[in-house]
Amino acid sequence: MTSRRVLSLGHTNLVGSVSLSSDGTRALSGSLDRTVRVWDLSSGECLQVLEGHSGDVNSVSLSSDGTRALSGGGDRTVRVWDVSSGECLQVLEGHSEWVNSVSLSSDGTRALSGSDDRTVRVWDLSSGECLQVLEGHSGDVISVSLSSDGTRALSGSGDQTVRVWDVSSGECLQVLEGHSGPVRMVGFLAGNSPWSAASNGVLRFWGHRPEGRQSTTEAFAHYTNAKVLFVGETGAGKTGLSSTIASGEYAPSEGSTVGAWATQMRLGVDSDQDLEREVWLWDFGGQADQRLVHQLYIDGSAAVVVVFNADQRDPIPGLRDWKRALDQSIKTNPAYFLVAGRTDAGLQFERSSLQKFADENGYQFFETSARTGHNLAEFKKALLGSIDWDKIAHRSSPVAYKKLNDAIIGLRDEDVVLLTLGELKERLRGRVDSDVDVDKNVAAVVGLLDSPGVVKELDFGRYVLLRPEWINKYAQAVIRTIKADDQNLGCIDADRIRKADLLFRNPNASENASPERLGPEDEPIVLRAMEDALLERGLCLREDERLVFPSYCGVERPPYPSEPLVNVSYLFDGYLDDLYATLVTRLAQSGAFRLEALWRDAADFTDRTGEYKLGVRLQRTPNGSGIIELYREKSFKPTQEVLFAEFVHRHLERKGKEVERQRHYICSECGTAVLHFEIAMGRLKKDGRLATISCVECDHKVPLWDDLEDMFADPKLREEVLRLEEHIRVELDARRKASLLVYETLARIAEADQKGEEVPGNNDEGIDIRLEFTMQEVNDKGNSVAAGTGRFLMIQAKCGNSYLRERKRDAVEVFDMEHKWAIYWAKQTCPVMLVIGTFPDGRFGREKVRFAEVRWMEVGEYCREEIKAGRKVTKIEFRGEPLTTANILKWREKVLSR
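Cut-offs and rules
Every chain's residues receive numbers from 1 upward, in the order its sequence appears when written. Side-chain atom pairs in this predicted model are given and counted only at pLDDT of 80 or more, local residue features only at pLDDT of at least 70, and totals for whole chains, interfaces and linings cover all residues. Note that water and hydrogens are dropped before the side-chain values are worked out from all heavy atoms of the structure. Every helix listed is a DSSP run of H or I at least four residues long, and every strand listed is a run of E at least two residues long, numbered separately from the N terminus. Radius of gyration: over C-alpha atoms. The globule rule applied is 2.2 Å multiplied by the number of residues raised to the 0.38 power. Burial classification: accessible surface area is computed with a 1.4 Å probe over protein chains only, and a residue below 20% of its type maximum counts as buried, one above 50% as exposed, and the rest as partly exposed. Here a patch means residues that are over 30% exposed by relative accessible area and free of salt bridges, tied together within 9 Å if like-charged and within 5 Å if nonpolar (Val, Leu, Ile, Met, Phe, Trp, Tyr). Accessible surface area values rest on a Shrake-Rupley calculation with a 1.4 Å probe, where residue burial reflects the displayed protein chains alone. Each salt bridge in this description consists of a side-chain nitrogen of Lys or Arg and a carboxyl oxygen of Asp or Glu lying within 4 Å of one another. Put simply, buried Ala, Val, Leu, Ile, Met, Phe, Trp, Tyr and Cys residues joined by side-chain atoms within 4.5 Å make one nonpolar core. In summary, the pairing rule links any two rings of Phe, Tyr or Trp, Trp by its six-membered ring, whose centres are within 6.5 Å, and it sorts them by plane angle into stacked for under 30 degrees, edge-to-face for over 60 and tilted for everything else. Sitting over a ring, as applied to charges here, requires NZ of Lys or CZ of Arg to be within 6 Å of the ring centre and within 35 degrees of the ring normal. Pairing between strands is defined by DSSP: at least two bridges between them are needed. Every axis corresponds to a line fitted to the C-alpha atoms, with the helix fit spanning only the stretch in contact, and the corresponding angles, defined between N-to-C directions, vary from 0 to 180 degrees. When describing relative orientation, an angle under 35 degrees is termed roughly parallel and one over 145 degrees roughly antiparallel, while 65 to 115 degrees is termed roughly perpendicular and anything else oblique. For this analysis, residues touch if any pair of their heavy atoms sits within 4.5 Å. Residues are grouped as follows: Ala, Val, Leu, Ile, Met, Phe, Trp, Tyr, Cys and Pro are nonpolar; Asp, Glu, Lys and Arg are charged; all remaining types, including Gly, are polar. Summarising the geometry, the arc corresponds to the directions from the helix axis toward the C-beta atoms. Looking at any residue, its pLDDT shows the predictor's confidence there, from 0 to 100. The disulfide definition used here is simple: a pair of cysteine sulfur atoms within 2.5 Å. Here a polar contact means two N or O atoms within 3.5 Å. Within protein one must be a hydrogen donor candidate and the other an acceptor candidate, and residues neighboring in sequence count only if both atoms are side-chain atoms.

Visitor: I tried to follow the overall build of the protein on my own but got confused; where do I start?
Guide: Along the protein, the regular secondary structure elements total 20 helices and 52 strands. In terms of overall dimensions, the protein is globule-like: its C-alpha atoms have a radius of gyration of 29 Å, near the 29 Å expected for 898 residues. For the protein, the spread of C-alpha atoms along the three principal axes comes to 90 × 80 × 75 Å. For the protein, the proportion of its 898 residues judged to be buried stands at 55%.

Visitor: What is the right way to read a nonpolar patch on the surface from this model?
Guide: Side chains of Leu189, Leu203 and Phe205 sit close together on the surface and give an oily, nonpolar patch of about 300 Å² of accessible area. Here Leu203 lies in strand S19 (residues 203–205). Residue class for Leu203 comes out partly exposed when judged on its relative accessible area of 46%.

Visitor: What's the story with unusual backbone geometry in this structure? I'm lost.
Guide: With phi around 75°, Arg34 is a residue other than glycine that occupies positive phi space. Relative to the assigned elements, Arg34 resides in the loop between strand S2 (26–31) and strand S3 (35–40). Located in the positive-phi region is Gln160, a residue other than glycine, with phi close to 75°. In this fold, Gln160 is placed in the loop between strand S14 (152–157) and strand S15 (161–166).

Visitor: Explain the nonpolar core here, please?
Guide: Soluble globular proteins tend to bury their nonpolar side chains together. Counting 56 residues, the largest nonpolar core has Met530, Phe549 and Trp856 as its most contacted members. No other element matches helix H9 (residues 469–484), which puts eight residues into this core.

Visitor: Just checking my understanding: could you explain the packing of aromatic side chains for this structure?
Guide: For any two aromatic rings, the description comes down to two numbers: the centre-to-centre distance and the angle of the planes. Evaluated as defined, the whole model comprises 19 aromatic pairs. Between Phe349 and Phe365, the aromatic rings sit 6.4 Å apart at their centres with planes inclined by 75°, giving edge-to-face as the arrangement. Of this pair, Phe349 sits in the loop between strand S25 (335–341) and helix H4 (351–361) while Phe365 sits in strand S26 (residues 363–367), and the two are 16 residues apart along the sequence. It is Lys473 that lies over the ring of Trp470; its NZ or CZ is 4.2 Å from the centre.

Visitor: Sorry, what's going on with the sheet that holds strand S18 (residues 194–198) here?
Guide: Across a sheet, paired strands are connected by hydrogen bonds in the backbone, their directions being either parallel or antiparallel. What the three strands build is an open sheet, ordered S17-S18-S19; its pairing is antiparallel. Both edges of this open sheet fall to strand S17 (183–188) and S19, since each of them pairs with a single strand only. The mean inter-strand angle of the sheet, taken between neighbouring strand axes irrespective of direction, is 15°. Two strands pair when backbone bridges link them, and S18 and S19 are joined in this way by three bridges, in the antiparallel orientation. Bridge pairing links Trp195 to Phe205 in S19.

Visitor: Can you help me understand the pattern of salt bridges in this one?
Guide: This structure, assessed with the given rule, holds 60 salt bridges. With its nearest N and O atoms 2.7 Å apart, the salt bridge here joins Lys403 to Asp433. Here Lys403 is found in helix H6 (residues 399–413), whereas its partner Asp433 is found in the loop between helix H7 (421–429) and helix H8 (438–450), with 30 residues between them in sequence. Residue classification places Lys403 among the partly exposed residues on the basis of a relative accessible area of 28%.

Visitor: When you look at the sheet that holds strand S49 (residues 832–838) in this model, what are you seeing that I'm missing?
Guide: In space, the six strands of this open sheet follow the order S44-S45-S46-S49-S50-S52, with mixed pairing throughout. In this open sheet, the two strands that pair with only one neighbour each are strand S44 (755–758) and strand S52 (881–882). Taken together, the two bridges between strand S50 (residues 853–858) and S52 define a ladder with antiparallel strand orientation. If you follow Trp856 over to S52, its bridge partner there is Glu881.

Visitor: Before we go on, may I ask you to explain the packing of helix H18 (residues 819–826) against helix H19 (residues 860–868) in this structure?
Guide: When two helices pack together, their arrangement is given by the angle between their axes and by how far apart the axes lie. Where H18 contacts H19, the axes come no closer than 8 Å and their chain directions differ by 105°. Considering their axes alone, H18 and H19 lie roughly perpendicular with respect to each other. Taken together, the residues of H19 that come into contact with H18 (itself represented by His819, Ala822, Ile823, Trp825 and Ala826) are Gly860, Cys863, Arg864 and Ile867. Partitioning the contact of H18 with H19 into residue classes produces six nonpolar, two polar and one charged.

Visitor: Looking at this structure, how should I read helix H1 (residues 238–247)?
Guide: Since the α-helix packs 3.6 residues into each turn, any two residues three or four apart lie on the same face. Burial of H1 is extensive: eight of the ten residues sit out of reach of the surface. For H1, the set of buried residues is Lys238, Thr239, Gly240, Leu241, Ser242, Ser243, Thr244 and Ile245. A positive phi of about 85° marks Gly248, the residue just after H1.

Visitor: Quick question: what am I supposed to make of the side chain of Thr420 here?
Guide: For Thr420, the location among the structural elements is in strand S28 (residues 418–420). Overall, the relative accessible area of 18% leaves Thr420 in the buried class. Ignoring any residue separated from it by four or fewer positions in sequence, one finds Thr420 in contact with Gly461, Arg462 and Tyr463.

Visitor: I would appreciate a short explanation of the environment of Ser199 in the present structure.
Guide: Within the secondary structure layout, Ser199 lies in the loop between S18 and S19. With near-sequence residues (within four places) excluded, Ser199 lies in contact with Gly181, Pro182 and Arg184.

Visitor: Even after reading the chapter, I still don't get the environment of Arg729, so can you show me in this structure?
Guide: With respect to the element layout, Arg729 can be found in helix H16 (residues 715–751). Assessed through its relative accessible area of 35%, Arg729 is described here as partly exposed. When the C-alpha atoms of Arg729 and Phe647 are compared, they prove to be 14 Å apart, with 82 residues separating the residues in sequence.

Visitor: Sorry if this is basic, but what is going on with H4 here?
Guide: For H4, the set of buried residues is Leu354, Phe357 and Ala358. Across the axial projection of H4, the buried residues extend over an arc of 95°, all falling on one side. Turned more than 90 degrees away from the buried face of H4, the exposed residues are Ser352, Lys356, Asp359 and Glu360. Backbone geometry just downstream of H4 places Gly362 in the positive-phi region, at approximately 75°.

Visitor: So what exactly am I meant to see when it comes to the confidence of the model for the protein here?
Guide: If pLDDT is low for a region, its predicted coordinates should not be looked at in detail. With 91% of its residues at a pLDDT of 70 or more, the protein has an overall mean of 85. Below pLDDT 50 for its whole length, residues 1–8 participates in eleven contacts with residues either more than four positions away or in separate chains. Under a pLDDT of 50 for its full length, residues 842–847 has, in the predicted model, 16 contacts with residues more than four places off or in other chains.

Visitor: Whenever I open this one, the pairing of strand S16 (residues 172–177) confuses me. Can you help?
Guide: Remember that side chains alternate between the two faces of the sheet whenever the strand is regular. Strand direction decides the pairing type here: S15 and S16, joined by five bridges, are antiparallel. Considered in S16, the bridge of Arg163 is made with Val175. Counting the residues that bridge the hairpin from S15 to S16 gives five residues, and of these Gly170 lies at a positive phi of roughly 80°.

Visitor: Could you clarify how one ought to interpret the state of the cysteines in this entry?
Guide: Note on terminology: disulfide describes a covalent bond linking the sulfur atoms of two cysteines. By the definition in use, this model includes zero disulfides. Here Cys553 is not disulfide-linked; the sulfur of Cys491 is the nearest cysteine sulfur, at 8.1 Å. Exposure remark for Cys553: the relative accessible area of 5% places this residue in the buried category. Take Cys695: it sits in no disulfide, and the sulfur closest to it among the cysteines is that of Cys670, at 3.5 Å.

Visitor: Hey, could you run me through the environment of Lys238 in this one?
Guide: Note on placement: Lys238 falls in helix H1. In this structure the C-alpha to C-alpha distance between Lys238 and Gly341, which are 103 residues apart in sequence, comes to 7.2 Å.

Visitor: Is there a simple way to think about the side chain of Ser17 in this case?
Guide: Tracing the backbone shows Ser17 in strand S1 (residues 15–20). The class of Ser17 is buried, set by a relative accessible area of 13%. A polar contact of 3.0 Å, which involves the side chain of Ser17, links it to the backbone nitrogen of Val60. Residues in contact with Ser17, not counting those within four places in the same chain, are Leu28, Ser29, Gly30, Asn58, Ser59 and Val60.

Visitor: Would you mind showing me how to read the pairing of strand S21 (residues 220–231) here?
Guide: For S21, the buried fraction is high: eleven of the twelve residues fall into the buried class. In this structure, S21 lies alongside strand S27 (residues 394–398), joined through four bridges in antiparallel fashion. Along S27, the bridge assignment pairs His222 with Ser396. In this structure, S21 lies alongside strand S23 (residues 275–284), joined through eight bridges in parallel fashion.

Laid out in structure tokens, this is it:
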């Protein structure tokens, strides 16, 4: 069959999803270029380009009347669009991983979404609220569909099952089994009988009462949890207050909270709805340096408690700072409380001023003491009473999941920090009923707990970090170390992080308090996870063997011989430090601009040639918003200036709020600057090429549309920015893959009780890891310890997706390499092992995907023989063995016996 019509070209990347209106006149398409397009099928014309997603658009759905559109994407959001105007009506947030599939009910009132976070969400589109979170799949939810009457939902998953759900109750009615591959598509036929298709090419029709291989219906638990934040300056008494509220008993805290600390408070079952209610209390460290990481947990709050020290004379300036930060970061509408903490230590604040501040901002005001219990009962009653449980999504989860969930929380509350998945399974077997299949279900439950940040499943070594706040604690030690550096450069040697050569002691802790750090077995693993998290979020960038933090450079920028030109600036709201840090980092990673120098709230760049200079400067306004000014040398190319500006604009729109572009004009007659930015931009938007503004000095008409505006209006500019963003994504994926393979290799070496050490330097030099074989010795205390033997292996780690290819004539895998590596390997006096790890194709960066394979083989001897024979080594036939404990120990015996 041939296509009746080829639509006009429009998307600039792969199209991953399409949807048709019921009358066949309109089509919707979603693409990896991050846009949704609306098409007229009679003419083939593109009617609307819907922009807003900051990640790939993975799925689209069009309402039956063609007026509403739904899209889900890699930015973890679902968006609702008005098709005729192109306006984004709602942004539905809640998923913690990529949204793979969306579906609209026929009447347009309900939406369904499925995600890599292994959940299905049911949304009310009139309010934008999530009504149900459906848990049960043990793999990614790849496809979802709503029945025509909106009462049933289908979901297909990477766990090779299809689930049938009751939308109103959240019950899983059936689990349909039979596919032997991930279920890629699901849907309903006329009469609401389900069908499904899997990646192995099999299409299944299940009938009204699906038969065939299917499991019995599971028992489900129904629960809901509310997040309550405790924020405020350090020393305000947040930790004592939140822990006493949760436990009912006062326990003095040792020092100030570093990072974020969380505890669970169970309220019992609401008999009217048969729904168990839980409250998670989050206590955030008050030091300003920690607020960069708070955003990971801050949104989705049902209530916020702002705590100040009652013994402080004027807390209002600090409270205003917190209000600005919260207003810019929380998209929901929580209840707010203003609480004076530690009233037993003294009362210096002026009560009338604080009451006025509370009244003006809609805060309930309480004076409390965790130590004496003053007003705690009243405050707790008001706090719990303020939670609007009807607006919090109900979660439906298999009872087995709930039991494992509670057991893992129990281990966490006992201060167990880090376990491998295997160790976690062993611990859980003694804590849950014998009818719970721990091996089958624990990975899914860990993934669900990972989503809100309660635990963290690391991307290497099968580790589960039960107390993720340790990542924040080590990040704070890194920042403390950077700030203590007299040079104020905002950077740190990566080797210092590897060796844990950091300032761990909290300055607010007592002199007798020991520095907060983990033991020698857990610490290196958490340090690797911390470095990975900082780099992945763009809060720092790696330059050779240094980590550079743009927000913590304290060196003032010296004045230019002649002040550079500012043609464009941006006014915006949001987390200023985070926005600025990630902006500088992404510009440096773009490939189009090179970071030349870093200053306090400013960064100088050049183009690729290093010839032309331009930069960004952050100004902080009194009301808490920010201004990014783009400056340049007079000789800088206009095309590069506009590309630079558009890149900045798109970044701010993705991560900030209320972004406004401002053009800077100078009167050509008298040289007076035009300062009425809002009026100028309003006229530019209204009048376009004819827009002018009068000079306040000479009344000359200053034209507002110039060569720069011509370039801003060029669609090719947007395509170039998209190419830069794609370059960053590909480069970061490649670098992260390489780092994760090193971490995975080190984890496997440690599993075999041998010593692995990352080799500093550029990994392109040929060696990433030095493995020292160990032997057991008895120390002075009579304990058996692993001691080094002085016998080594050298390891180079490479991701096979980039380097391995299959030779067509004999299907042998070939590793393509550079001859300089062979020269370096041939010089080593010990065996050189090439480790190759491969990820499942197309899945890296979307979820926590493990290496499909990690294999190794010795290559040093081959390189020595080839070089000795005068041959150039550019490829090796790779016939590696799995990198397992058994194979590591086999090499140990081989090396030690020489």
